[in-house]
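# Chains, contacts and geometry: an overview
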Amino acid sequence: MKKFLAIVAIAAFMTSCGSGSSTETTTANDSTTTTTTTTTTATAPVDSAAAAMSDSAKSMANQAKATVDTANKMMDKAADKMKEGADKMKEGADKMKDATKK
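Procedures and definitions
Residues numbered from 1 in each chain as written. Predicted model: local features only at pLDDT ≥ 70, side-chain atom pairs only at ≥ 80, totals over all residues. Heavy atoms only, no water. Helix = DSSP H or I, 4+ residues; strand = E, 2+ residues; numbered from the N terminus. Buried < 20%, exposed > 50% of the residue type's maximum accessible area, 1.4 Å probe, protein only. Contact = heavy atoms within 4.5 Å. Areas by Shrake-Rupley, 256 points an atom, 1.4 Å probe, with all protein chains shown as cover. Salt bridge = Lys/Arg side-chain N within 4 Å of Asp/Glu carboxyl O. pLDDT = per-residue confidence, 0-100. Patch = residues over 30% accessible without salt bridge, like charges linked within 9 Å, V, L, I, M, F, W, Y side chains within 5 Å.

Take the overall build of the protein chain next. Secondary structure assignment for the protein chain yields 2 helices and 2 strands. Put simply, the protein chain runs from its N terminus to its C terminus through helices and strands in the order α-β-β-α. A total of 102 residues make up the protein chain; the buried ones form 1% of that total. Excluding contacts between residues fewer than 6 apart, the proportion of contacts in the protein chain whose partners are at least 24 apart in sequence is 25%. Carbon and sulfur atoms form 61% of the exposed surface of the protein chain, whose accessible area is close to 8800 Å².

For the rest of this paragraph, the subject is the pattern of salt bridges. For side chains bearing opposite charge, pairing can occur when the charged atoms are close. A complete count under the given rule lists 1 salt bridge for this structure. A salt bridge links Asp 87 to Lys 83, with the shortest nitrogen-to-oxygen separation between them at 3.7 Å. Here Asp 87 and its partner Lys 83 are both found in helix α2 (residues 43–101), 4 residues apart, which amounts to about one turn of the helix. We classify Lys 83 as exposed; its relative accessible area is 52%.

What follows concerns the confidence of the model for the protein chain. Per-residue confidence for the protein chain gives a mean pLDDT of 76, with 72% of residues at or over 70. Ranking the elements of the protein chain by mean pLDDT puts strand β1 (residues 20–29) last with 50 and α2 first with 87.

Let's shift gears to a nonpolar patch on the surface. A surface patch of nonpolar side chains, amounting to about 330 Å² of accessible area, comprises Ile 10, Phe 13 and Met 14. Positionally, Met 14 belongs in helix α1 (residues 2–17). By relative accessible area, which is 42% here, Met 14 ends up partly exposed.

As structure tokens, this is what we get:
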């Protein structure tokens, strides 16, 4: 989970700060000023990082689901054992109650 959060943080930083670069050039000709803005984007690395994060997220979700399913099964087994134990205790208490009445 720590690695996933680190990857998300790095990806967010890269997309917010490094997704494009902007250069501004001002040229003075006589009394006319021309401004040229060039924007370049590097979408291929961002797209591949997003795909890798998506794959990682899906893998982690599948592993978490399997872990939750296993935990639920174990909790169900433990609950069944506790119920069996409680039933035995109740039977024992009933026997003691009957024995003291006689």
